[in-house]
Amino acid sequence: MPAASLLPLFGSAAGPGALGGPAGGGAGGGGRKAAGPGAFRLTEKFVLLLVFSAFITLCFGAIFFLPDSSKLLSGVFFHSAALQPPPPPPGGQPRAPPQPGGGPVAGAAAAAAAGGAGSLERIRADHERALREAKETLQKLPEEIRRDIRQDKEKLLQDARGRKEAGAPGLPQRLFRQPVGAVGQEPADPAVRQRRAKIKEMMKHAWDNYKRYAWGLNELKPISKQGHSSNLFGNIQGATIVDALDTLYIMEMKEEFKEAKEWVEKNLDFNVNAEISVFEVNIRFVGGLLSAYYLSGEEVFRKKAVELGEKLLPAFNTPTGIPWALLNIKSGIGRNWPWASGGSSILAEFGTLHLEFVHLSHLSGNPVFAEKVMNIRKVLNRLDKPEGLYPNYLNPSSGQWGQHHVSIGGLGDSFYEYLLKAWLMSDKTDEEGKKMYYDAVQAIETHLIRKSSGGLTYIAEWKGGLLEHKMGHLTCFAGGMFALGADGAPNDKMGHHIELGAEIARTCHESYDRTSMKLGPEAFRFDGGVEAIATRQNEKYYILRPEVIETYMYMWRLTHDPKYRQWGWEAVEALEKHCRVDGGYSGIRDVYNNHESHDDVQQSFFLSETLKYLYLLFSEDDLLPFEHWIFNTEAHPLPVLHKDDGNKEENQK
């Protein structure tokens, strides 16, 4: 192409007369307009833009692809910060003033040059150091290399953990003062003292074997002498450790408590991708951690309890706020048991969160926990109750009852317990909880409580208006509940509620006494000419349950009738004779059989509830006194939140 043809691409430097200006044709004639920028054709403009873009890309690409280019660019282009006077050093001493002899531009240029040179020096030093490290690594033995890798990984994990803790909002500081009755006096009676010592020895046998054969796992298989894990906890481990913390503490098993605390500190991990039972994890893990904190003041228990509570909050993400039964604590996805009345939530599960969640708000300063459980009450109070009773199933999407099955045993039991204990735990200020409890007890008395022809009082189950004359072992807790609630009973019914508790205790004792092993079945019936006896094979097992002994403990504390201690000791003798094995304690498949058939599971609640209630039964009343403590449904003691409590936390950020 002739040179003249290229010139229009870049414009004319010779002025308007050159190359065919308006004064004449010339070399660029042929009717073409003047070759100024405004006269470019579309194609020429495009080529110009392309060449210009390539030039800019080449220049800036060269800069960006230089080593440590970001630092060079910051020195060359973003030098405005260098023009600002530097801040004074620590200690208030002024820095040296800038030296004269150069304006801002000169200073910036000098800074850029110095920065570029410094960056190249750093690159060279980094390369040399990397070469030295590579040579040293090649000279090491494989074992040394693996050790170094492990150490580097551990350091990274520690750094990450430290950054997470530093970045996460901490819990409010709290001045810990141990509540009244965390420790008690020795029993004055030598015989009682000896029996209590025996119960402590039982705890040591159960704990030592768990430690020997299943340490860190959820539960123990005492016959097989290995760990046992229930799917109720997903991949969370250590259920027995957390469940037993407070029992170890009140029994003054100090070394065992210390090793349990160390395990919690180092190994209790809730960052698992697994589906858990919200109810079971709440009563055992959250309840156990809260209790351990209130007894010992060890901050790790408070932190772990709040951490776990936060992970349970997505369970409430339903249209009504009634929580799901099952939750994947990593994804936050929840669902209900497939067998539960068309995908319903279960009364005893969503109704047994109140005590723990109120305490989580109390210890964390975050009201969301208490708000979630108070919303459950709002939903329930909007609903009509058939005959004043609460069915066991509630749909979390529609907010309507499922099938009308009412039970004070399984599926319903601890809902009623928590209504009463919420009122007591509030220092009797929770009037809503109180009213709900006593209204429910009135309906239960009217529609469910019956007396057998032999004079035994029992609590039947209600199914769509028809009674099933069956009472479960779980229902036997109600004797203690009725007696505990007697003090606030309306219309001077205090004595009546105490008597009702005593009658339920007697019936449940009969269910034990009428078996071959003197241990109670899972359920017993009052029909077909039988009373307080299991008639079906799938109801004859005993899995170390605590409810009967729980009622004995409450009745002893509230009446001091010696028969309750005697009945409790009978249970101790039966446990030692039929459930104790070399590797711990095991449940029984048939309590009516003369020969033991063990189920090979030492339940975590045996250490948390059964042995704790036995120990308290043979202790003085100053150990965990009722005016200062309530027990969650897993027997974890939680302090009453007194109105004038000087032990309220001091929120210091």
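Residues numbered from 1 in each chain as written. Predicted model: local features only at pLDDT ≥ 70, side-chain atom pairs only at ≥ 80, totals over all residues. Heavy atoms only, no water.

Trainee: It is not clear to me how the overall build of the protein chain should be interpreted in this structure. Could you clarify?
Mentor: Scanning the protein chain from terminus to terminus reveals 20 helices and 18 strands. Expressed as a percentage of its 653 residues, the buried residues of the protein chain come to 50%. Expressed as a percentage of contacts within the protein chain between residues at least 6 apart in sequence, the contacts between residues at least 24 apart total 68%. Here the protein chain displays about 31,600 Å² of accessible surface, and carbon together with sulfur accounts for 56% of that area. (Helix = DSSP H or I, 4+ residues; strand = E, 2+ residues; numbered from the N terminus. Buried < 20%, exposed > 50% of the residue type's maximum accessible area, 1.4 Å probe, protein only. Contact = heavy atoms within 4.5 Å. Areas by Shrake-Rupley, 256 points an atom, 1.4 Å probe, with all protein chains shown as cover.)

Trainee: I tried to follow the packing of helix H12 (residues 354–364) against helix H13 (residues 368–382) on my own but got confused; where do I start?
Mentor: Geometry of a packed helix pair, given as the angle between the helix axes and the separation of the axes. Two numbers describe how H12 lies on H13: the axes approach to 7 Å, and their chain directions differ by 150°. As judged from the angle between their axes, H12 and H13 are roughly antiparallel. In terms of crossing hand, the pair formed by H12 and H13 is left-handed. Across the interface between the two elements, His 354, Phe 357, Val 358, Leu 360, Ser 361 and Ser 364 from H12 touch Val 368, Phe 369, Ala 370, Val 373, Met 374 and Arg 377 from H13. When its residues are assigned to classes, the contact of H12 with H13 shows 8 nonpolar, 3 polar and 1 charged. (Axes fitted to C-alpha atoms, helices over the stretch in contact; angles between N-to-C directions. Parallel < 35°, antiparallel > 145°, perpendicular 65-115°, else oblique. Left-handed = near helix turned anticlockwise from the far one by under 90°. Nonpolar A, V, L, I, M, F, W, Y, C, P; charged D, E, K, R; others polar.)

Trainee: Could you clarify how one ought to interpret the nonpolar core in this entry?
Mentor: A general trend in soluble globular proteins is that nonpolar side chains are found buried together. Tyr 416 and Phe 482 are the most contacted members of the largest nonpolar core, which has 158 residues in total. Aside from chain neighbours lying at most four places away, what touches Phe 482 is Tyr 437, Val 441, Ile 449, Ile 459, His 497, Leu 500, Gly 501 and Ile 504. Counting residues in each nonpolar core, the second largest holds 6 residues, with Trp 337, Ala 340, Ile 346 and Tyr 393 among its members. (Core = buried A, V, L, I, M, F, W, Y, C linked by side-chain atoms within 4.5 Å.)

Trainee: What am I meant to see in the confidence of the model for the protein chain here?
Mentor: Atomic detail in the predicted coordinates should be set aside for any region of low pLDDT. Overall, the prediction assigns the protein chain a mean pLDDT of 84, with 75% of residues at 70 or greater. Segment residues 160–168: pLDDT under 50, and 1 contact once partners within four positions in sequence are set aside and those in other chains are kept. The low-confidence segment residues 646–653, where pLDDT is below 50, has 18 contacts with residues more than four positions distant or belonging to other chains. (pLDDT = per-residue confidence, 0-100.)

Trainee: What is the right way to look at the side chain of Arg 284 in this model?
Mentor: Looking at where Arg 284 falls in the secondary structure, it is placed in helix H9 (residues 278–296). A residue is classified by how much of its surface remains accessible, and Arg 284, at 5% relative accessible area, is buried. When residues no more than four places from it in sequence are discounted, the contact partners of Arg 284 are Glu 219, Phe 233, Val 242, Asp 243, Ser 604, Phe 605, Glu 634 and His 636.

Trainee: Is there a simple way to explain the pattern of salt bridges in this structure?
Mentor: Pairs can form between side chains of opposite charge whenever their charged atoms are close. Inspection of the entire model under this criterion finds 30 salt bridges. With its nearest N and O atoms 4.0 Å apart, the salt bridge here joins Lys 221 to Asp 600. Of the two residues, Lys 221 sits in strand S1 (residues 219–221) while Asp 600 sits in the loop between strand S16 (584–585) and helix H20 (604–617), which places them 379 residues apart along the sequence. For the pair Lys 221 and Asp 600, a shared accessibility class is recorded, and that class is buried. What you see here is one network of salt bridges that share partners, running through Lys 198, Glu 201, Glu 576 and Arg 580. (Salt bridge = Lys/Arg side-chain N within 4 Å of Asp/Glu carboxyl O.)

Trainee: Looking at this structure, I do not really get the state of the cysteines. What am I missing?
Mentor: Defined simply, a disulfide is a covalent bond joining two cysteines at their sulfur atoms. All chains considered together, the criterion is met by 1 disulfide. Across the disulfide from Cys 476 sits Cys 508; the S-S distance is 2.0 Å. Every disulfide takes its handedness from the sign of the S-S torsion; for Cys 476 and Cys 508 that torsion is -95°, giving left-handed. One end of the pair, Cys 476, is in the loop between strand S13 (470–472) and helix H16 (478–484); the other, Cys 508, is in helix H17 (residues 494–513), and 32 residues separate them in sequence. (Disulfide = S-S within 2.5 Å.)

Trainee: So what exactly am I meant to see when it comes to the packing of helix H15 (residues 431–447) against H17 here?
Mentor: Look at H15 against H17: their axes get within 14 Å of each other, and the N-to-C directions meet at 60°. Regarding the angle of H15 to H17, the classification is oblique. For the element pair H15 and H17, the recorded crossing hand is left-handed. Where H15 abuts H17, its residues Tyr 438, Val 441 and Glu 445 lie against His 496, His 497 and Leu 500. Tallied by class, residues from the contact of H15 with H17 come to 3 nonpolar, 2 polar and 1 charged.

Trainee: I keep staring at the sheet that holds strand S8 (residues 405–406) and nothing clicks. Help me out?
Mentor: Each strand in a sheet pairs with another by means of backbone hydrogen bonds, the pair being arranged parallel or else antiparallel. Reading across the sheet, the 3 strands line up as S8-S11-S12 and stay open at both edges, with antiparallel pairing between neighbours. The sheet is open, and its two borders are formed by S8 and strand S12 (466–468), each paired with just one other strand. Direction of pairing for S8 relative to strand S11 (residues 461–463): antiparallel, over a ladder of 2 bridges. The residue bridging Val 406 from the neighbouring strand is Trp 462, located in S11. (Pairing = 2+ DSSP bridges.)

Trainee: Could you clarify how one ought to interpret the sheet that holds strand S5 (residues 334–335) in this entry?
Mentor: The antiparallel open sheet is built from 3 strands, whose spatial order is S3-S4-S5. Every other strand in the sheet has two partners, leaving strand S3 (275–277) and S5 as the edge strands with one partner each. When S3 meets strand S4 (residues 326–328), the two strands line up antiparallel, connected through 3 bridges. Looking at S4, one finds that Ser 277 is bridged to Leu 326. Along the sheet face, H9 touches S3 and S4 and points at about 65° away from the line of S3.

Trainee: Looking at this structure, how should I read empty space enclosed by the protein?
Mentor: The gaps of empty space that remain are located by a probe, the size of a water molecule, rolled over the atoms. Following the criterion strictly, the structure yields 4 cavities of 30 Å³ or more and no others. Taken together, 13 residues make up the lining of the largest cavity; nearest its centre are Gly 351, His 354, Arg 377, Phe 415 and Leu 419. For the lining of the largest cavity, the secondary-structure elements that each account for two or more residues are H13 and helix H14 (413–425). Taken together, the residues that form the lining of the largest cavity break down as 10 nonpolar, 2 polar and 1 charged. Of the voids in this model, the second largest cavity is the one considered here, and its volume is about 50 Å³. Taken together, Val 278, Phe 279, Pro 323, Trp 324, Ala 325, Ser 345, Ile 346, Glu 349, Phe 350 and Leu 353 form the lining of the second largest cavity. (1 Å grid on protein atoms, 1.4 Å probe; cavity = no way out; pocket = protein on both sides within 12 Å on 5 of 7 lines; lining within 4 Å. Points joined across faces, edges and corners; volume = space filled by probe spheres on them.)

Trainee: Please explain H15 as it appears in this structure.
Mentor: Side chains that are three or four residues apart share a direction in an α-helix, a result of its 3.6 residues per turn. For H15, which comprises 17 residues, the first-to-last C-alpha distance of 24 Å matches the rise-based estimate of 24 Å (1.5 Å per residue) to within 8%. Buried residues along H15 sit in contact with H13, H14, strand S9 (449–451), strand S10 (457–459), H16 and H17. (Expected span 1.5 Å × (residues − 1).)

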